[in-house]
Amino acid sequence: MNIYEDYIKEIEERKGQGLNPKPIDDAELLSAIIEQIKDLENKYRADSLNFFIYNVVPGTTSAAGVKAKFLKEIILGESVVEEITPAFALELLSHMKGGPSIEVLLDLALGDNATIAKEAAEVLKTQVYLYEADTARLKDAYEKGSEIAKDILESYAQAEFFTKLPEIEEEIKIVTFIAGIGDISTDLLSPGGDAHSRSDRELHGQCIFEHNKEMQKNLLALKEQHPDKRVMLIAEKGTMGVGSSRMSGVNNVALWTGVQASPYVPFINIAPIIAGTNGISPIFLTTVGVTGGIGIDLKNWVKQKDADGNTILDADGEPVLEQKYSVETGTVLTINTKEKKLYNGDQELMDISASLTPQKVEFIKAGGSYAIVFGKKLQTFAAKTLGVDIPQVYAPSKEISIEGQGLTAVEKIFNKNAVGNTQGKILHAGSDVRVEVNIVGSQDTTGLMTAQELESMAAKVISPIVDGAYQSGCHTASVWDNKSKANIPKLMKFMNDFGLITARDPKGVYHSMTDVIHKVLNDITIDDWAIIIGGDSHTRMSKGVAFGADSGTVALALATGEATMPIPQSVKVTFKGNMKSYMDFRDVVHATQQQMLKQFGGENVFQGRVIEVHIGTLTADQAFTFTDWTAEMKAKASVCISEDETLIESLEIAKSRIQIMIGKGMDNDKQVLQGLIDKANKRIAEIKSGEKPALTPDANAKYFAEVVVDLDAIIEPMIADPDVYNEDVSKRYTHDTIRPLSFYGGNKKVDLGFIGSCMVHKGDMKILAQMLKNIESKQGKVEFNAPLVVAPPTYNIVDELKSEGDWEVLQKYSGFEFDDNEPKGLARTKYENMLYLERPGCNLCMGNQEKAEPGDTVMATSTRLFQGRVVKDSGEKKGESLLSSTPVVVLSTILGRTPNLSEYEAAVDGINLTKFKPSHKLLVN
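As a starting point, this report considers the structure included with it. Not measured: the values here are computed from a predicted model.

**Points about the overall build of the protein chain**
When you go through the protein chain residue by residue, the secondary structure sums to 31 helices and 33 strands. In summary, the protein chain has a C-alpha radius of gyration of 28 Å against a globular reference of 29 Å for 925 residues, a match within 12%. Taken over 925 residues, the protein chain has a buried fraction of 61%. Sequence-distant contacts, at least 24 apart, represent 73% of the contacts inside the protein chain between residues at least 6 apart. Total accessible area on the protein chain stands at roughly 35,200 Å², and carbon and sulfur atoms take up 49% of it.

**Section: the sheet that holds strand β24 (residues 637–642)**
Read across the open sheet, the four strands follow the order β24-β23-β22-β25; overall the sheet is parallel. Unpaired on one side and paired on the other, β24 and β25 (705–710) mark the two borders of the sheet. Neighbour-to-neighbour, the strand axes of the sheet open up by a mean angle of 25 degrees, direction not taken into account. Bridge count for strand β23 (residues 610–616) against β24 is five bridges, and the pairing is parallel. Residue pairing for β24: V610 is matched across the bridge by A637. Along the sheet face, helix α24 (residues 620–629) touches β22 (570–576), β23 and β24 and points at about 160 degrees away from the line of β23.

**Considering the sheet that holds strand β20 (residues 545–548)**
Read from one edge to the other, the open sheet built from five strands follows the order β18-β17-β16-β19-β20, with strand pairing classed as parallel. Pairing within the sheet leaves two strands with one partner each, and these edge strands are β18 (501–502) and β20. As paired elements, strand β16 (residues 439–442) and strand β19 (residues 531–534) share three bridges and run parallel to each other. From the neighbouring strand, G441 faces β19, where its bridge partner is G534.

**Brief notes about the state of the cysteines**
In the structure shown here, the tally under the stated rule is zero disulfides. With no disulfide partner, C640 has as its closest neighbouring cysteine sulfur the one in C758, 14 Å distant. Of the cysteine sulfurs around C845, a residue in no disulfide, the closest is that of C758, at 5.8 Å.

**Focus on helix α2 (residues 27–38)**
Along its 12 residues, α2 runs 16 Å from first to last C-alpha, staying within 8% of the 16 Å computed at 1.5 Å per residue. Among all positions in α2, only A27, L29, L30, I33, I34, Q36 and I37 are buried. Those residues of α2 that are buried are in contact with α1 (3–15), α3 (45–54) and α4 (62–75). One side-chain oxygen at the N-terminal end of α2 lies 3.2 Å from the backbone nitrogen of E28; it belongs to D26.

About the thresholds
- Residues numbered from 1 in each chain as written.
- Predicted model: local features only at pLDDT ≥ 70, side-chain atom pairs only at ≥ 80, totals over all residues.
- Heavy atoms only, no water.
- Helix = DSSP H or I, 4+ residues; strand = E, 2+ residues; numbered from the N terminus.
- Rg over C-alpha atoms; globule rule 2.2 N^0.38 Å.
- Buried < 20%, exposed > 50% of the residue type's maximum accessible area, 1.4 Å probe, protein only.
- Contact = heavy atoms within 4.5 Å.
- Areas by Shrake-Rupley, 256 points an atom, 1.4 Å probe, with all protein chains shown as cover.
- Pairing = 2+ DSSP bridges.
- Axes fitted to C-alpha atoms, helices over the stretch in contact; angles between N-to-C directions.
- Disulfide = S-S within 2.5 Å.
- Expected span 1.5 Å × (residues − 1).
- Polar contact = N/O pair within 3.5 Å; in protein donor to acceptor, adjacent residues only side chain to side chain.

Pasting the structure below:
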């Protein structure tokens, strides 16, 4: 059977799943198809033509190279295909977005045939995905006197690739579809359990609404009833897209409700319209912008006020809401893009200027933010080459500079890393800024899409601006199944070739490192002034400022070394009082969220902003517990303010861990990891000499709000509860319900415990070991009344625990220990009442491989409590994922229930929990 017959067989198999032929990215298959096109008698010729024209993945895929070469032959008359004229061949090249297509267009434009050169030049003028090799050819030709090159450059300098695009519609008719009540996590739009299919867009599209076929049918029916309108997906009484950026979520929404990007590229849709009563999660909104979509903060439910303007509360102390206007499914509305208003008929509902800023309108017009980023770079290049000023084509970046006002920490970082703004101008929050990116992270379930995005934007190598980048293997660590075996090695090779440090060695030399991505990024961030972009919502570092991002924004950062965003507002968090000896820092984290909500009458002032936490005395490992949780606080990012001595200690720890990576053989030819150590040494020297102390804000900086956490008020462990039985559906699964341990009365049954994910560090593993030893010394043996799953975040931690004797303690009580030589091939579906020592990685937290048994109540150190994430519902009971500190999890599994406070205090007596004492220094300039 030849490769084409294999493809036909796959097509038949996909038909059984209700799917179309998979888009072609393989050169060998497309070469066979081209041979069948050339053979006029071939029985597969008609299908082959259809595949060639409509079903080839563009960009830098190997198939795209073959397609571009054949189109060039047709244009030059070297091959004749009746159905593909030279003019049509040029049109097909114009839809291939870059890489081989640009190379071919430049060959033609700079070639000897004047007629073809002019036609190719006209196509080139519409293209923006040009890289250094392409622009160097144009510059060289121009300097040698080429009129064609000059004509193309003049067009680029005027940004005609943008200005000649159609303007956006003045009125967009929409029809509403409520996807859920309350916060909608991206798991609803792209379930974690379907992560393996994300790169197969049509297949992955079948999982939207967690495979709820009834909802899918209702959505299709709504589209059929309103063929002239766009569907707007809504989170009623909640925020849309919480939990992660998840490009696959936006891709799925676009596939079902958006518009096709190109008639010659299948299953790539753009421009979805998404909304929420409380808007869109910040990182998810960025992803919407990537596709040229619209995200709207509806504010259709508001808090009731009394005559004095105070919020009216119900019996539970929750704000009473009233509906300003209805958006029930099937409501026809109009977006007026000129007035920037939302209408129901002639009735104006609200101003939506924030959804249609000049920059966002440009994204919509260009079909996504990438085209704007590349267009600006191309215009700058052309103007510089021609020696002319850059014409003002794009909307000017908003630059806010307030005289006499100091800078917050994040404002300082953005000003330091900014490019392209008015030289010498100090910028404050709200300013639109292009910034250079220092560290980039890609994780394994979104990495497949990042690789696709890099191919589609024709990128071949990492930007030299980036200090370091890492491709993780943590999200597929717990189960090495056939899907992982098929996808992950290909991903690792692609990323390794692209220039990233990879968790798995494509050459098989070093041991596979399935370490949690956030932990690795936290270690390789060696500058408190750094900007980090990572393909996971928990990209929140305790050094620098880090932003979780969709797979496309990660790709853009890798390819260009830049990111574009407004400087966020900041909320300052400081601490007072003293931490109780029996409390863990995880309790401080949860109490921060609880106290903030109480201080601001239920309003989450963290949402969409940067939390500037004056952590002072906690090293990077421990401080990460706070910054990591800020994703659940709905913050855009967080910045840790540390004392000089603490920062130096954190950097020394980072150096030692990077050195371990080097020792394992993970560095590449460019010695990226050694370069990070060198940069860390330089930063340490700057701090010690006083030349550049640890990052602090200015004393006269302005914050959106300030939160003071009272440590004295934290008198018992705090638990984040999904509140699954709340009568108000919108209050479930929000991370905002923080309860004291005593709420559960010491009698809530716990079915499974989980210690792992990015929220734990080495100290947590040592706490677990010490608690087991203490229980044995008091009771003579350790008996588990519920299973306890333990997944250390990194192999370094495992190695250190082994050298210090703690791993031996854990082994003693475990009934299962991971074996890298024989990793699990199937996810566990049943658990025994014992300790499971799992492979380093995300494990239960990710929800794409291991899960608790349906209907279980899980007590976990994790970050995720969304419905179905860690545990699904059963027919009899809702699954619950309660989030707490390591000691609470351990004791809950020993008892099989939540402990009471006296049991808890006795269990942690004498154990060195994560202590925190607020800094006595004034951490400002």
